[in-house]
Amino acid sequence: MPATIREVPNPSVRIDHGKCIADKGCRSCIDSCPLDILAFDEGDGKVKMAYDECWYCLPCEHDCPTKAVTVSIPYLLR
Ligand code: SF4
Ligand code: SF4
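Now for a description of the structure that goes with this document. Residue numbers here run from 1 along each chain, matching the order of that chain's written sequence. Whichever chain is written first is A, and whichever ligand is written first is 1; the rest continue in order. The predicted nature of this model means local features are confined to residues of pLDDT at least 70 and side-chain atom pairs, given and counted, to a pLDDT of 80 or more, with totals for whole chains, interfaces and linings taken over all residues. The basis for the side-chain values is all heavy atoms of the structure; hydrogens and waters are excluded.

## A look at the site of ligand 1
1) Next: Here a residue is considered near a molecule or strand provided that any single heavy atom belonging to it is located within 4 Å of it. Around ligand 1 sit Val13, Cys33, Pro34, Ile37, Cys54, Trp55, Tyr56, Cys57, Leu58, Pro59 and Cys60, and those are all the residues in its vicinity.
2) Next: Classes in brief: Ala, Val, Leu, Ile, Met, Phe, Trp, Tyr, Cys and Pro nonpolar; Asp, Glu, Lys and Arg charged; the others, Gly included, polar. Of the residues belonging to the shell around ligand 1, the class tally is eleven nonpolar, no polar and no charged.

## Side note on the pairing of strand 2 (residues 38–41)
1) Next: The pairing criterion is simple: DSSP has to find at least two bridges between the two strands. Secondary structure elements follow DSSP: runs of H or I no shorter than four residues count as helices, runs of E no shorter than two count as strands, and numbering proceeds from the N terminus. Across four bridges, strand 2 lies against strand 3 (residues 46–49) in antiparallel orientation. Considered in strand 3, the bridge of aspartate 41 is made with lysine 46.
2) Next: Following strand 2, the chain reverses through four residues before pairing antiparallel with strand 3; glycine 45 in that reversal takes a positive phi of roughly 75 degrees.

## Let's talk about the environment of asparagine 10
1) Next: When you line up the elements, asparagine 10 lands in the segment before strand 1 (13–15).
2) Next: In sequence terms asparagine 10 and aspartate 52 are 42 residues apart; their C-alpha atoms lie 9.3 Å from each other.

## A look at the nonpolar core
1) Next: Side-chain atoms within 4.5 Å link the members of a nonpolar core, which is a set of buried Ala, Val, Leu, Ile, Met, Phe, Trp, Tyr and Cys residues. We call a residue buried when its accessible area falls under 20% of the maximum for its residue type, exposed when it is over 50%, and partly exposed in between, using a 1.4 Å probe and counting protein chains only. In this structure, Val13, Leu38 and Val69 are the most contacted members of the largest nonpolar core, which totals 19 residues.
2) Next: Those elements giving two or more residues to this core turn out to be strand 1, helix 1 (28–32), strand 3 and strand 4 (69–71).
3) Next: Whether two residues are in contact is decided by their heavy atoms: any pair within 4.5 Å suffices. For valine 13, the residues in contact, after removing those within four places along its chain, are Leu38, Met49, Cys54, Cys60, Val69, Thr70 and Val71.

## Quick word on the side chain of lysine 48
1) Next: By secondary structure assignment, the location of lysine 48 is in strand 3.
2) Next: Engagement of the side chain of lysine 48 in a polar contact is seen with the side chain of aspartate 44, the distance being 2.9 Å.
3) Next: Aside from chain neighbours lying at most four places away, what touches lysine 48 is Ile5, Glu7, Ile37, Leu38, Ala39 and Asp41. Within 3.5 Å is the distance limit for a polar contact, defined as a pair of N or O atoms, with the added protein rule that one can donate a hydrogen and the other accept it, and that residues adjacent in sequence qualify only through two side-chain atoms.

Written as structure tokens, this is what we have:
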């Protein structure tokens, strides 16, 4: 049975699944995250924020070839 990922509620890292090309094998955001908090859900084929421990360091957003990743940095950290 494929592994399913439970996305954190209100994720600060959002994936636009209309733009994401994970179905073509892209894993750039997953690979670039130093905390390993993004994950590919084999159940529905979508990339999700699996753990709410973001550093807001942004390589996931910068490395996405289709600009599908949006990181919302909390106001107090800006
Ligand atoms: S901002 Fe940094 S820690 Fe957060 S998901 Fe992206 S790469 Fe990972
Ligand atoms: S880097 Fe972008 S296109 Fe690639 S899996 Fe992540 S969100 Fe999808």
